[in-house]
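What the coordinates show
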Amino acid sequence: MHYENVAGLPLPVLGLGTMRLHGEQCRSIVSAALAEGYRHIDTARSYDNEEDVGAGIRQSSVPRDEIVLVTKVWHTDLAGPDVEEAAESSLRRLGTDYVDVLLVHWPSRAVPLEETLEAFAQVREQGKARFIGVGNFPSTMFEGIAGVPGLIGNQVEYHPYLGQDKILTSARSNGLVVTAYCPLGRAGDLLQDPLLQELAGSYGKTVPQIVLRWLIEQDRVAAIPGTSDPGHLRENVDVFDFELSPDDAAAISSLARGARVVNPPHAPDWD
């Protein structure tokens with residue numbers, strides 16, 4: 001099973017996040033994930049692991065054209081001339097001629113967004129990225145670029161403790177995708193949640209499986225859980241044999257409390 005694409009777009013509904021994975025651990029997890037059926041691998045220049053991700057892909061027996069590979073350009077590299085250099089550097093480290101999706105990792109406060117998007121369009125026209133996207137864009141910024149050619153969606157922190165209703169509404173109205181990073185929240189917090197523990201027991205699943213199922217059941221949502229444990233690779237995708245009831249899904253949504261795991265100094269003004 002290759003974990004179906006989101007709404008017909010070329011982005012598998014479950015992928016592997018690789019932040020904090022490095023060296024042989026990164027290479028082996030990427031290769032094992034592909035063997036397990038993952039076809040969506042997410043990295044970034046700032047993770048300092050693109051070489052290892054590329055090596056893990058080459059270690060696997062999965063053809064490159066079956067893999068949706070995502071990387072990102074850091075917010076300090078979003079000026080026009082810097083975008084192409086950053087993209088080419090990522091391609092060299094990954095050992096590939098193209099990425100499937102190139103994302104603006106974080107919006108810049110210094111570079112006009114129009115300049116950045118024009119440079120991303122040029123990278124796409126050169127065949128170095130099949131699609132482009134953004135990350136960590138608040139809904140007002142996201143809505144303003146929804147019609148950009150080749151735009152696939154917005155990658156944001158999203159889990160039961162942090163709702164993203166405005167961004168989801170924008171994505172759905174414009175035929176785009178929201179990719180949830182940190183889908184399991186801060187390590188340990190969700191695992192101890194009484195409601196999620198109760199639901200895990202009633203469905204015969206783990207809390208992470210309940211949370212991931214809640215995410216991917218939502219229209220136009222993908223999730224990219226990360227793990228350094230090969231056993232969790234299987235657990236994280238063993239979520240296609242059950243469905244949450246509408247009441248249970250709504251109960252999980254009601255847990256939202258604005259709790260962010262990721263909120264660096266360069267973050268935008270959230271809405």
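1. Some words on the packing of aromatic side chains
By the definition in use, this model includes 3 aromatic pairs. When the centroid spacing of 5.4 Å and the interplanar angle of 55° are considered together, the rings of Tyr 158 and Trp 214 count as tilted. In this pair, Tyr 158 sits in the loop between β6 (151-157) and α6 (165-173) while Trp 214 sits in helix α8 (residues 207-216), placing the two residues 56 residues apart along the sequence. For Trp 214, a relative accessible area of 4% translates into the label buried. Between Tyr 203 and Phe 242 the ring centres are 5.7 Å apart and the planes differ by 50°, which places this aromatic pair in the tilted class.

2. Comments concerning unusual backbone geometry
One non-glycine residue with positive phi stands out, namely Arg 20, at about 75°. Looking at where Arg 20 falls in the secondary structure, it is placed in the loop between β1 (16-17) and α1 (23-36). At Asp 48, a residue that is not glycine, the phi angle is positive and equals roughly 60°. With respect to the element layout, Asp 48 can be found in the loop between β2 (40-42) and α2 (50-59).

3. Details of the environment of Gly 127
The residue Gly 127 is located in the loop between α4 (113-125) and β5 (129-135) in this model. Taking the C-alpha atoms as reference, Gly 127 lies 8.9 Å from Val 99; in sequence the two are 28 residues apart. Here Gly 127 is in contact with Asp 97 and Tyr 98, once residues within four sequence places are set aside.

4. Notes on the pattern of salt bridges
With the rule as written, the count across this model stands at 16 salt bridges. In this structure, Arg 109 engages Asp 269 in a salt bridge whose closest nitrogen and oxygen atoms are separated by 3.9 Å. Taken together, the residues Arg 109 in the loop between β4 (99-104) and α4 and Asp 269 in the segment after α10 (246-253) connect sequence positions 160 residues apart. Asp 238 is paired through a salt bridge with Lys 205; the nearest N and O atoms lie 3.6 Å apart. Residue Asp 238 is located in the loop between α9 (230-237) and α10, and its partner Lys 205 is located in the loop between α7 (194-203) and α8; the two are separated by 33 residues in the primary sequence. Judged by its relative accessible area of 13%, Lys 205 is buried. Connected via shared salt-bridge partners are Glu 24, Arg 27 and Asp 52.

5. With respect to the packing of α7 against α10
At their nearest, the axes of α7 and α10 sit 10 Å apart, and the two run at 155° to each other. It follows from the interaxial angle that α7 and α10 lie roughly antiparallel. Like other packed secondary-structure pairs, α7 and α10 cross with a definite hand, here left-handed. Residues Leu 195, Leu 196, Leu 199 and Tyr 203 of α7 form the contact with α10, whose own contacting residues are Asp 248, Ala 251 and Ile 252. For the contact of α7 with α10, the residue count by class is 6 nonpolar, no polar and 1 charged.

What counts, and at which threshold
- Residues numbered from 1 in each chain as written.
- Predicted model: local features only at pLDDT ≥ 70, side-chain atom pairs only at ≥ 80, totals over all residues.
- Heavy atoms only, no water.
- Phe/Tyr/Trp six-rings, centres within 6.5 Å; stacked < 30°, edge-to-face > 60°.
- Helix = DSSP H or I, 4+ residues; strand = E, 2+ residues; numbered from the N terminus.
- Buried < 20%, exposed > 50% of the residue type's maximum accessible area, 1.4 Å probe, protein only.
- Contact = heavy atoms within 4.5 Å.
- Salt bridge = Lys/Arg side-chain N within 4 Å of Asp/Glu carboxyl O.
- Axes fitted to C-alpha atoms, helices over the stretch in contact; angles between N-to-C directions.
- Parallel < 35°, antiparallel > 145°, perpendicular 65-115°, else oblique.
- Left-handed = near helix turned anticlockwise from the far one by under 90°.
- Nonpolar A, V, L, I, M, F, W, Y, C, P; charged D, E, K, R; others polar.

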